[in-house]
Amino acid sequence: MRPRLVRFRARRWARGPGAPRVVLTVEAVRAAGAEAGVNDVARQLGLDQSGASRMVSAATDAGYLQRLADEVGA
């Protein structure tokens, strides 16, 4: 049942050639939690870090995600 919900939402709020990837990326961030990093997204999607980074960048450029600096060193 869950994949149908994702596809329906993809048609409603993400349009264009990269829309399915944006939906997958946003869902992976949601599943990984509020403090998700690129490696968490990669693990959720079964990708390597560079592929997940490109997908996160595309979702960020589309306005669906926001990247924040890690405050570990602060």
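The present account deals with the structure reproduced in this document.

Calculation notes
- Residue numbers restart at each chain and count upward from 1, following the sequence in its written direction.
- The predicted origin of the model limits local features to residues at a pLDDT of at least 70 and limits the giving and counting of side-chain atom pairs to 80 or more, whereas totals for whole chains, interfaces and linings rest on all residues.
- Side-chain measures were taken over the full set of non-hydrogen atoms in the model, leaving aside hydrogen atoms and water.
- The helix and strand labels rest on DSSP assignments: H or I over at least four residues marks a helix, E over at least two residues marks a strand, and numbering proceeds from the N terminus.
- In what follows, a contact means two residues having at least one pair of non-hydrogen atoms within 4.5 Å.
- Any carboxyl oxygen of Asp or Glu within 4 Å of a side-chain nitrogen of Lys or Arg constitutes a salt bridge here.
- Three exposure classes are used, based on accessible area relative to the maximum for each residue type with a 1.4 Å probe and protein chains only: buried under 20%, partly exposed in between, and exposed over 50%.

Mapped onto the elements of the fold, Met 55 is located in helix H4 (residues 49-61). Spatially, the C-alpha atom of Met 55 lies 9.3 Å from that of Val 38, the residues being 17 residues apart in sequence. Setting aside anything within four residues of it in sequence, one finds Met 55 in contact with Arg 21, Leu 24, Thr 25, Leu 45 and Leu 47.

Within the secondary structure, Thr 25 sits in helix H2 (residues 19-32). Apart from residues no more than four positions distant in its own chain, Thr 25 is found in contact with Val 41, Met 55, Val 56, Ala 59 and Leu 65.

Attention now moves to the pattern of salt bridges. Per the stated rule, a full pass over the model turns up 2 salt bridges. Measuring nitrogen to oxygen at the nearest pair gives 3.2 Å for the salt bridge that ties Glu 27 to Arg 30. A residue pair is termed a helical-turn pair when its members lie 3 or 4 positions apart in one helix, as Glu 27 and Arg 30 do in helix H2 at 3 residues. Take Glu 27: its relative accessible area is 11%, and that puts it in the buried class.

The next subject is the environment of Val 56. Its location among the elements puts Val 56 in helix H4. Owing to a relative accessible area of 7%, Val 56 belongs among the buried residues under this scheme. Measuring from C-alpha to C-alpha, the distance between Val 56 and Ala 28 comes to 9.9 Å, with 28 residues separating the pair along the chain.

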